[in-house]
Every structure is written in structure tokens, then in C-alpha cells.
Amino acid sequence: MDKCIFCQIIAGEIPSSKIYEDDKVLAFLDISQTTKGHTLVIPKKHVRNMLDMSEQVATDLFKRLPKLARAVKTATGAKGLNILNNNEEIAGQSVFHAHVHIIPRYSNQDEIGITFTEHEPDFEALGQLAQAIANEVTK
Ligand code: 5GP
Ligand code: ZN
């Protein structure tokens, strides 16, 4: 099977601007630089996204994020960061090797393309939905 683009970056077959690497994780600058310092953190093991991730891969990936986030913020002089992860095409995933975006924020005019719409809460519906999800978690 052909390697995905991020597996090719891990293998050194495609160049990347690396900021961190160990046996489990690679972090490198996103080619799109949505804001200056936009970084991707990926597991070296090929998994499609969070929906396909074992607890071990998640542990290896996420435990490195605080250190990497602090480094990106300090080196860029950003005021804050968004940390994002897209799962499946409908949610904006375009590369199907799991990755976490670290997106430095400089102003509220940064064009990162995600906003949250607020709705009036329907507490009965919230309770039912929470119960349905809770049932799935414990399955
Ligand atoms: P997604 O849309 O799947 O959450 O994010 C994929 C990201 O990978 C995009 O932000 C895109 O700019 C980045 N990307 C795609 N191909 C390459 C590449 O060859 N090198 C680097 N450094 N980033 C890439
Ligand atoms: Zn891959």
C-alpha cells in the first residue's frame, strides 16, 4: 500500500520543517501557515484520525502537546493558541493520518475559519442526549 503524505514526511521522503521528533511523535510546520507558526503534531503510527486511535497512541501524542504548545507560543510571540483536530471530511479533515493543529493567535482578526454559534439551551434535550452518549461511552 502507498504511504500517506504524512508517513512520507515521517520517512524523510518529503521534506518538512521539523520542530520536534522522538520515537512516537513528529511535529512540523504546516505548509499552509494559517497563522505564523501553525504546527502539526502527528503520531508516527499511521492512524486515520481520533476515531481510529488507541489509548496508547493518544497518550503518546497528547502528552507532548503542552511542551510543544508552549514552545510555539514563546518562539512566535503569539498571544494565545488554538489547538484543533479535524475528524473526517465533513469536519475539515483533508489528510487522513491523525494530526493536531497548533495555531498561534495574534489577534481576533486571525482568519482561522472556525466560529461557535450559540443556541438557547433546551435542558430536556440536553439531558436525553447526554444519556445517549453516556451509554455509548460505557459500552
Ligand atoms: P486537515 O485539513 O486534514 O485537518 O489538515 C491537514 C493539514 O496538512 C493542512 O493544514 C495542510 O496545509 C497540511 N499539509 C498538507 N500537505 C502537507 C505537506 O506536504 N507538508 C506540510 N508541512 N503540511 C501539509
Ligand atoms: Zn500515514
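Below, the structure is looked at part by part. The residue numbering used here restarts from 1 in each chain and proceeds along that chain's sequence as written. To label them, take the chains in the order written and letter them from A, then take the ligands in the order written and number them from 1. Where local features are concerned, this predicted model is filtered to residues with pLDDT of at least 70; where side-chain atom pairs are given and counted, the filter is 80 or more; whole-chain, interface and lining totals use all residues. Excluded from the side-chain calculation are hydrogens and water; included are all heavy atoms of the structure.

## A short note on the layout of surface pockets
Consideration 1: Points on a 1 Å grid, built from protein atoms alone, make a cavity when a 1.4 Å probe fits but cannot get out and make a pocket when they are open with protein on both sides within 12 Å along at least 5 of 7 lines; residues with an atom within 4 Å of a point are the lining residues. Grid points are joined across faces, edges and corners, and a volume is the space filled by probe spheres set on the points. One number sums up the size of the largest pocket: a volume of about 410 Å³.
Consideration 2: The wall of the largest pocket is formed by 21 residues, among which Phe 6, Asp 30, Ile 31, Ser 32 and Leu 40 lie closest to the centre.
Consideration 3: Think of it this way: any DSSP run of H or I at least four residues long counts as a helix, any run of E at least two long counts as a strand, and we number them from the N terminus. If you list the elements that add at least two residues to the lining of the largest pocket, you get α1 (5-10) and β2 (25-29).
Consideration 4: The biggest single contributor to the lining of the largest pocket is α1, with three residues.

## Regarding the site of ligand 1
Consideration 1: Near is defined per residue: the residue qualifies when any heavy atom it owns lies within 4 Å of the molecule or strand. Of all residues adjacent to ligand 1, which total 16 residues, the nearest are Asp 30, Asn 86, Gly 92, Ser 94 and His 101.
Consideration 2: One nitrogen or oxygen atom from the main chain of Gly 92 is found 2.8 Å from an oxygen atom belonging to ligand 1.
Consideration 3: Reported accessibility uses the Shrake-Rupley method at a 1.4 Å probe radius. Residues are deemed covered only where the shown protein chains occlude them. Notes on ligand 1: free accessible area 520 Å², of which the protein chains cover 83%.
Consideration 4: The cavity that encloses ligand 1 is the largest pocket.
Consideration 5: Put simply, the parts of the chain that give the shell around ligand 1 at least two residues each are α1 and β2. Side-chain atoms alone can form a polar contact between residues adjacent in sequence; in general such a contact is a pair of N or O atoms within 3.5 Å, and within protein one must be able to donate a hydrogen while the other accepts it. Each molecule is checked against the cavity or pocket grid, and it sits inside if more than half of its atoms lie within 2 Å of the grid points.

## Observations concerning the environment of Ile 103
Consideration 1: Assignment of secondary structure puts Ile 103 in strand β5 (residues 100-105).
Consideration 2: C-alpha separation for the pair Ile 103 and Val 72, spaced 31 residues apart in sequence, amounts to 8.8 Å.
Consideration 3: Residue contacts for Ile 103: discarding those within four places in its chain leaves Thr 35, His 38, Gly 80, Leu 81, Asn 82, Leu 84 and Ile 112. Contacts are residue-level and defined by heavy atoms, with any inter-residue pair within 4.5 Å sufficient.

## What about the packing of aromatic side chains?
Consideration 1: Classification of ring pairs uses Phe, Tyr and Trp, with its six-membered ring standing for Trp, and accepts pairs whose centres are within 6.5 Å; under 30 degrees between planes counts as stacked, over 60 as edge-to-face, and the remaining range as tilted. Using the criterion set out here, one finds one aromatic pair in the structure.
Consideration 2: Ring centres 5.5 Å apart and planes at 80° place the aromatic pair Phe 6 and Phe 28 in the edge-to-face group. Placement of Phe 6 in helix α1 and of Phe 28 in strand β2 is noted, with a sequence separation of 22 residues between them.
Consideration 3: Accessibility expressed as a relative area gives 3% for Phe 28, which makes it buried. Under the scheme applied here, a residue whose accessible area is under 20% of the maximum for its type counts as buried, over 50% as exposed, and between as partly exposed, the area being computed with a 1.4 Å probe on protein chains only.

## Description of the coordination of the zinc ion (ligand 2)
Consideration 1: Distances from the zinc ion (ligand 2) to its protein donors, namely Cys 4 (SG), Cys 7 (SG), His 46 (ND1) and His 97 (ND1), fall within the range 2.0 to 2.3 Å.
Consideration 2: Here the coordinating atoms are restricted to nitrogen, oxygen and sulfur within 2.8 Å of the metal centre, or 3.2 Å for Na, K and Ca, and because water is not among them the sites may look incomplete. Donor angles set the geometry label: tetrahedral for four donors if every angle is between 85 and 135 degrees, square planar for four and octahedral for six if opposite donors exceed 155 degrees and the others are between 65 and 115, irregular for anything else. Coordination geometry of the zinc ion (ligand 2): the four donor atoms subtend angles of 102 to 120° at the metal centre, consistent with an arrangement described as tetrahedral.
Consideration 3: The exposure class assigned to Cys 7 is buried, which follows from its relative accessible area of 15%.

## Points about the sheet that holds strand β1 (residues 18-21)
Consideration 1: Here we have five strands laid out as an open sheet, ordered β1-β2-β3-β5-β4, and antiparallel in their pairing. The two strands at the open ends of the sheet, each matched to only one other strand, are β1 and β4 (80-84). Strand-to-strand, the axes of this sheet are offset by a mean angle of 15°, without reference to chain direction.
Consideration 2: Pairing between two strands is assigned when DSSP locates at least 2 bridges connecting them. Of the pairings in the sheet, the one linking strand β3 (residues 39-43) to β5 comprises three bridges and is antiparallel in character. Residue pairing for β5: Thr 39 is matched across the bridge by Ile 102.
Consideration 3: Here helix α2 (residues 55-62) sits on the sheet in contact with β2, β3 and β5, set at roughly 145° to β3.
Consideration 4: Where helices are involved, their axes are fitted lines through C-alpha atoms of the stretch in contact, as for all axes, and angles between N-to-C directions lie from 0 to 180°. Contacts between helix α3 (residues 65-76) and the sheet are confined to β1, β2, β3, β4 and β5, with β5 contributing the most and set at about 30° to the helix.

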